[in-house]
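Listed below are the residues making up each chain.
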Amino acid sequence: MSTTAPFIFHQGSAPLFVTMPHTGTWLPPEIADTLTDEARRVPDTDWHIERLYAFAKDLGASVLQATCSRYVVDLNRPPDGASLYPGQATTGLCPDIRFDGGPVYLPGAQPSSQAVAQRRERYWRPWHDQLAAELARLTAQFPRVVLWDAHSICSVLPQFFDGRLPDFNIGTNKGVTCDPALQRRVADLARLAAPFSHVENGRYTGGYITRHYGQPEQGVHALQMELAQSAYMDETPPWRWDEEKARPLQTHLRAMLSAALAFAREGE
């Protein structure tokens, strides 16, 4: 059984924690052998997110980055695999359908319930143990902590939403996972970030990480930022980073993350 470290972690000094659950591209060989040719290219990766948010460490943020592909296990899904969007198309804890509707697995090669449980313990659990431990450290030190869950997705995906996704998609589980003041500050900056578009709690209202760990009454204010990949990269293979597009987007993201940090520091 091939293994690799389940995450890359950087411990910061500020009350700001950036998680990147879908940056991983690694496939254990024994899993890769069961996937279709298309799935082995891991097209549903949140491409270049670690590069886009490289400035976060300069702000003093802690950063938790995935190494394994979401096709191995989706770190932003609940451990029991319950749907986050009942009645809407979505993917599960161990997805068997790609975002474009095609199969992840070769015929008859879908993982058994036992295999799913093994992946949960081998890959999902260590990630969440690290996330919880860092939140515990931060909340012991600071009265307010902002958890920023960083994502991106193809801007046009008919299986999941109509039309084109806005550039900035702010999710707080409809205002539950953070103080309204934090959501308002980030949304105000998104509103001013021409020519980029934005929406609050639209198609994406936050996944498991935002919903589970966002506990403003306990001092943890969680927000998911889902970015349209068209805002900073080519959306077709080989999914090339576009510096001309990415530079202005990074400027706005830095302003948003700085505003989130300022919000957290107001509680000190």
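Calculation rules
Residues numbered from 1 in each chain as written. Predicted model: local features only at pLDDT ≥ 70, side-chain atom pairs only at ≥ 80, totals over all residues. Heavy atoms only, no water. Buried < 20%, exposed > 50% of the residue type's maximum accessible area, 1.4 Å probe, protein only. Helix = DSSP H or I, 4+ residues; strand = E, 2+ residues; numbered from the N terminus. Pairing = 2+ DSSP bridges. Contact = heavy atoms within 4.5 Å. Salt bridge = Lys/Arg side-chain N within 4 Å of Asp/Glu carboxyl O. Phe/Tyr/Trp six-rings, centres within 6.5 Å; stacked < 30°, edge-to-face > 60°. Lys NZ or Arg CZ within 6 Å of the ring centre and 35° of its normal. Core = buried A, V, L, I, M, F, W, Y, C linked by side-chain atoms within 4.5 Å.

An unreviewed UniProt entry annotates the protein chain as N-formylglutamate deformylase originating from Affinibrenneria salicis.

1. So, the pairing of strand β2 (residues 16–20)
Of all five residues making up β2, five are buried, and the element is well covered by its neighbours. Along β2, one buried face is formed by Leu16, Val18 and Met20 and the opposite face, lined by Phe17 and Thr19, is buried too. Summarising the sheet, β2 and strand β4 (residues 145–153) pair through four bridges and their orientation is parallel. Looking at β4, one finds that valine 18 is bridged to tryptophan 148. By the bridge criterion, four bridges tie β2 to strand β3 (residues 62–66) in an arrangement that is parallel. Counted as the bridge partner of phenylalanine 17 is serine 62 from β3.

2. A few points about the environment of valine 18
Counting through the fold element by element, valine 18 comes out in strand β2. Here the alpha-carbon distance between valine 18 and leucine 257, two residues 239 residues apart in the chain, equals 9.4 Å. If near-sequence neighbours (up to four positions away) are discounted, valine 18 is found in contact with Ala56, Ala61, Ser62, Val63, Leu64, Trp148, Ala150 and Leu257.

3. Some details on the pattern of salt bridges
Scanning the model with the defined rule gives 14 salt bridges in all. For glutamate 243, the salt bridge identified is with arginine 51, shortest N-O distance 3.9 Å. Linking glutamate 243 in helix α7 (residues 243–265) with arginine 51 in helix α3 (residues 49–52), this pair joins segments that are 192 residues apart in sequence. On the basis of relative accessibility, which here comes to 42%, the residue arginine 51 falls in the partly exposed class. Across the pair arginine 125 and glutamate 121 runs a salt bridge whose closest N-O atoms are separated by 3.4 Å. Highlighted residues: arginine 125 and glutamate 121, both in helix α4 (residues 113–141), separated by four residues, approximately one helical turn.

4. A few points about the packing of aromatic side chains
With the rule as written, the count across this model stands at ten aromatic pairs. Ring geometry for phenylalanine 168 and phenylalanine 196: centres 5.8 Å apart, planes at 70°, overall edge-to-face. Of this pair, phenylalanine 168 sits in strand β5 (residues 168–171) while phenylalanine 196 sits in the loop between α5 (180–191) and β6 (198–200), and the two are 28 residues apart along the sequence. Each member of the pair, phenylalanine 168 together with phenylalanine 196, is buried. Through pairs of rings, three or more aromatic residues link up here, namely Trp124, Tyr208 and Tyr213. Geometry around phenylalanine 263 places arginine 144 over its ring, the cationic atom sitting 4.2 Å from the centre. Across from the ring centre of tyrosine 204, 5.0 Å away, lies the NZ or CZ of arginine 203, which sits over that ring.

5. Points about the nonpolar core
Of all hydrophobic cores here, the largest spans 76 residues; its most connected members are Leu52, Tyr53, Trp148, Phe168, Met225 and Leu253. The element that contributes the greatest number of residues to this core is α7, accounting for nine residues. Counting seven residues, the second largest nonpolar core, distinct from the first, contains Phe99, Ile153, Leu157 and Leu165.

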